[in-house]
Amino acid sequence: MKEKVGQVFSIAKENRPVPGCTISKAIHDSSNEIIYFSLAADTDISAEIFPYHKFILVAEGSLEVYGSDGFTKKLEAGDGILTFTDIPMGMRTNVGAVYTEISFQKGDNMNNAVKAGEVFKLAELIPYQDGKIVNMDVAHNDKMKFVVMAFDKGTGLSEHAAPGEAMIFALDGEGVIGYEGQEHMIKAGENFHFAKGGLHFVKATEKFKMALLLTLE
């Protein structure tokens, strides 16, 4: 991924919209592209037909996803949607929006909790449970995995190394990310990127939810 490694950052803060413009920044190129989009107020990405799903996660602002036959869905910060394939789909905003778009192919495995065309909140896909870590595979294939995790206070993952690059999306609460011998506080709305093979751990200082996007190529 074309993203800074080993430090907390914010996709929303570091990809501010430019008045009158739409901006895209590809951070991972493959059959499962990962792209940041920054849309200024009153801008529009025209509806086009794609043979794959777009998994959209709004970091900031308000976004309308629209399509044919009057289809419209409004997303706020923290919301996500899986777009339809093979019909025109577009994005527009009145106030501005920053979001991440991940491409998933038709044959990729998708959890039944996420259905094309329906708005969802990642943080609400799974509950907290006392003394436990709750894990849900949201989408995966041979080269990418997207997981949501809920940590009760005091729980965590022991130090290990991932088999590929990984990005964390902090969704709720706060925790500590250990990376290559240094600890980093992270809270909802922030992000963190691990290099392939980077030693890391997660500790929940309070109840903490996060999404983990793992690439395996």
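In the block above lies the structure referred to throughout.
Residues numbered from 1 in each chain as written. Predicted model: local features only at pLDDT ≥ 70, side-chain atom pairs only at ≥ 80, totals over all residues. Heavy atoms only, no water.

A.B. asks: So what about the overall build of the chain? Which residues, and what values?
C.D. replies: For the chain, the helix and strand inventory stands at one helix and 18 strands. For the chain, whose C-alpha radius of gyration is 17 Å, the value lies close to the compact-globule estimate of 17 Å for 217 residues. Once the C-alpha set of the chain is aligned to its principal axes, its extents read approximately 50 × 35 × 35 Å. Going through the 217 residues of the chain one by one, you find that 49% of them count as buried. Intrachain contacts of the chain at a sequence separation of at least 6 include 67% that bridge at least 24 residues. (Helix = DSSP H or I, 4+ residues; strand = E, 2+ residues; numbered from the N terminus. Rg over C-alpha atoms; globule rule 2.2 N^0.38 Å. Buried < 20%, exposed > 50% of the residue type's maximum accessible area, 1.4 Å probe, protein only. Contact = heavy atoms within 4.5 Å.)

A.B. asks: Describe the pattern of salt bridges, and please don't skip the residues or the numbers.
C.D. replies: Summed over the entire model, instances satisfying the criterion amount to 13 salt bridges. Here E183 and K203 are joined by a salt bridge, their closest N and O atoms 3.5 Å apart. Placement of E183 in strand β15 (residues 182-187) and of K203 in strand β17 (residues 199-203) is noted, with a sequence separation of 20 residues between them. What makes K203 partly exposed here is its relative accessible area of 38%. (Salt bridge = Lys/Arg side-chain N within 4 Å of Asp/Glu carboxyl O.)

A.B. asks: Pulling in residues and values, what's your account of the pairing of strand β7 (residues 89-93)?
C.D. replies: Where a strand is regular, its side chains alternate between the two sheet faces. Most of β7 sits out of view: four of its five residues are buried. Pairing geometry for strand β3 (residues 43-48) and β7, over four bridges, is antiparallel. When the bridges of β7 are listed, T43 appears paired with T93. With four bridges connecting them, strand β4 (residues 53-67) and β7 associate as antiparallel partners. Bridge pairing in β7 places Y66 opposite G90. (Pairing = 2+ DSSP bridges.)

A.B. asks: I'd like a description of empty space enclosed by the protein, backed by residues and values.
C.D. replies: A full pass over the atoms with the stated rule returns one cavity of 30 Å³ or more. Taken together, F50, Y52, K54, T83, F84, M89 and M91 form the lining of the largest cavity. Classifying every residue of the lining of the largest cavity by side-chain character gives five nonpolar, one polar and one charged. (1 Å grid on protein atoms, 1.4 Å probe; cavity = no way out; pocket = protein on both sides within 12 Å on 5 of 7 lines; lining within 4 Å. Points joined across faces, edges and corners; volume = space filled by probe spheres on them. Nonpolar A, V, L, I, M, F, W, Y, C, P; charged D, E, K, R; others polar.)

A.B. asks: Would you mind going over the nonpolar core in detail, with residue names and values included?
C.D. replies: Grouped together as the largest cluster of nonpolar side chains are 29 residues, with contacts concentrated most on F55, I102, L122, V138, F146 and M167. Listing elements by their share of this core, those giving two or more residues are β2 (34-39), β4, β8 (97-104), β11 (133-140), β12 (144-151), β14 (165-179) and β18 (208-215). Once residues lying within four places of it in the same chain are set aside, the contact partners of M167 are M1, E3, F9, I11, I27, Y36, F192, H193, A211, L212 and L213. Counting 17 residues, the second-largest nonpolar core is a separate cluster that includes A162, I186, F192 and F208. (Core = buried A, V, L, I, M, F, W, Y, C linked by side-chain atoms within 4.5 Å.)

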